[in-house]
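So the chains spell out like this:
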Amino acid sequence: MPLVGARRDGHEFISDALARGAAGFLCQRDQALAVPSSAVAIRVRDTACALRDLARWAAQRLHAHVIAVAGSNGKTTTKELIAQVLAQRFHTHATVSNQNTEIGLALTVLNAPEDTEMLVLEMGTTALGEIAQLCAITPPKIGVLTSITEEHLETLGSFESVIEAETELLEALPSDGIALVNGDDPHVLAVARRKTKGRLFTFGFAPHNDFVAEEIALTRSGTTFWLRSPKWQNELNIALLGRPAVLAALAATAVAQLCGLSFGEIRCGLRNARPVWGRLQVVSIPDTAITVLHDAYNANPASMREALLCAAQIRDPDETLIFVLGDMLELGALSERAHREIGRFLATECVRPDRLIVVGEYARYIGEEAACIGIPVQHLSIADEAAQVLRLGNDKRCLVLVKGSRGMRLERVFEALSRQALVSV
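No experiment lies behind these values; they were computed from the predicted model shown. (Residues numbered from 1 in each chain as written. Predicted model: local features only at pLDDT ≥ 70, side-chain atom pairs only at ≥ 80, totals over all residues. Heavy atoms only, no water.)

## Observations concerning the overall build of the protein
Along the backbone of the protein there are 15 helices and 17 strands. The C-alpha atoms of the protein give 23 Å as radius of gyration, which agrees with the globular expectation for 425 residues (22 Å, within 12%). The dimensions of the protein, computed from C-alpha atoms along their principal axes, are 70 × 55 × 45 Å. Relative to its 425 residues, the protein shows a buried fraction of 53%. When contacts within the protein are restricted to residue pairs at least 6 apart in sequence, long-range pairs at least 24 apart make up 63% of them. Total accessible area on the protein is roughly 18,700 Å²; 50% of this is exposed by carbon and sulfur atoms. Computed over 42 positive and 49 negative side-chain charges, the inter-centroid distance for the protein is 2 Å. (Helix = DSSP H or I, 4+ residues; strand = E, 2+ residues; numbered from the N terminus. Rg over C-alpha atoms; globule rule 2.2 N^0.38 Å. Buried < 20%, exposed > 50% of the residue type's maximum accessible area, 1.4 Å probe, protein only. Contact = heavy atoms within 4.5 Å. Areas by Shrake-Rupley, 256 points an atom, 1.4 Å probe, with all protein chains shown as cover. Lys, Arg positive; Asp, Glu negative; His and termini not counted. Charge placed at Lys NZ, Arg CZ, Asp CG, Glu CD.)

## Some thoughts on helix α3 (residues 75–86)
The end-to-end C-alpha distance of α3 is 16 Å, a good match for the 16 Å that 12 residues give at a rise of 1.5 Å each. Most of α3 is tucked away, with 10 of its 12 residues classed as buried. Among the residues of α3, K75, T76, T77, T78, K79, L81, I82, A83, V85 and L86 are the ones counted as buried. Residues of α3 that are buried make contact with β3 (65–70), β4 (92–94), β5 (118–122), β6 (142–145), α10 (243–258) and α11 (263–271). (Expected span 1.5 Å × (residues − 1).)

## Some points on the nonpolar core
Core analysis: the largest hydrophobic core is formed by 65 residues, its most contacted members being V109, L308, F323 and L356. Element by element, the count of residues in this core is highest for helix α12 (residues 301–314), at 7 residues. With near-sequence residues (within four places) excluded, F323 lies in contact with L308, A311, L346, V351, P353, R355, L356, I357 and L401. Grouped together as the second largest cluster of nonpolar side chains are 43 residues, V144, A248, A251 and F263 included. (Core = buried A, V, L, I, M, F, W, Y, C linked by side-chain atoms within 4.5 Å.)

## Notes on the sheet that holds strand β11 (residues 233–238)
Within a sheet, adjacent strands bond to each other through the backbone by hydrogen bonds, running parallel or antiparallel. With respect to topology, 9 strands assemble into an open sheet ordered β4-β5-β3-β6-β7-β8-β9-β10-β11, the strand pairing being mixed. Strands at the two margins of the open sheet, each flanked by one partner only, are β4 and β11. Across this sheet, the average inter-strand angle for adjacent strands is 20°, counted without regard to direction. Examined bridge by bridge, β4 and β5 share 3 bridges and lie parallel to one another. Residue pairing in the sheet places T92 in a bridge with M118 of β5. (Pairing = 2+ DSSP bridges. Axes fitted to C-alpha atoms, helices over the stretch in contact; angles between N-to-C directions.)

## Some remarks on the sheet that holds strand β17 (residues 398–403)
Within the open sheet, the 6 strands sit side by side as β12-β13-β17-β14-β15-β16. Their pairing is mixed. Here the strands that pair on one side only, and so sit at the sheet edges, are β12 (281–284) and β16 (377–380). Adjacent strand axes in the sheet meet at a mean angle of 20°, parallel and antiparallel pairs treated alike. Relative to the sheet, α12 contacts β12, β13 (290–295), β14 (320–326) and β17, its axis offset from that of β17 by approximately 170°. The sheet contacts of helix α14 (residues 363–372) involve β14, β15 (355–359) and β16, and relative to β15 the element is tilted by about 155°.

Following this line, the structure appears as structure tokens:
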């Protein structure tokens, strides 16, 4: 399926695909190449449209229940936990990693085994209409909205537009469908109630929700909380860290309970879950006194605050607390204000670090605010410089949080620390 992108044209790779054993290909223009007699070439008007059509056809053939997950934060973790829990009873297939675009969703559906009973799809958006289009390919029966915060403002323009874009999922649900919404934000909840045609359930930390997490306790090995739901009140343990993981576990519990799973099945599924790459992963650097809280997959103001709180909560009393924070991208006109607010948030006694390293153009505003309250700050331009200033030779124990938007590539800090540790052995 040769797709045409902004930088490369997939038609350029047809010959290579055939040489590697491809049985055939679709194309949207004539190709001057030698096609083996055993291969099939199909001309279409638009390969991207053809991919969508194929995925729609495949979804209809599956006859699986489609569970769609959208929201600003926690989509991938929520999707993974839902899939883990449902797999205790059903043949379940889910989005691989965070392939939540039109192409990723289509490939997920096309790769689903024929016996799939539950299809768990992550849906991402940067513009109005995108989630509606994804739902048109695979209409969901259950929709999960993790949270809605300031994100992708460069393309969406305002927080109201973010809400409009994310809640397209709720509008796509049928009258006999089920919506599961983080009910902690009253504004978002009001929109959800207006847009949902079927049954609506809420989850969160506020006591008015249908599924509530209380008495949350974090350690480096995981999180424990007390679940209060329409059916059960009990303790749950997950090998994941932080409040976002608890929200994901609540959503998974809600989906599973509504699908008829027992509490034992839910507890087993959650217990087996492991952190997704780059989402609040605790990693000890071998042969050093450094522990990294790796949360470098992405960042917006809400997820940044949660990561700071998580790091402060799992810090041992004798550890130096170091934050390596990068730009939060795609915030548009709110960029400076949002970064300065994070800098001021560091003044909160429970999250105040011993040292702060900021990376990037906008992160310097975090550093400027932190410096005003006496926090030692270093400003660097790129991620590759950050590991060099962490001084691996220092034997003092330290916990290092690495957090920033995907475009900042802050995982390089973690990777460089690991390489330096190996060299020093």
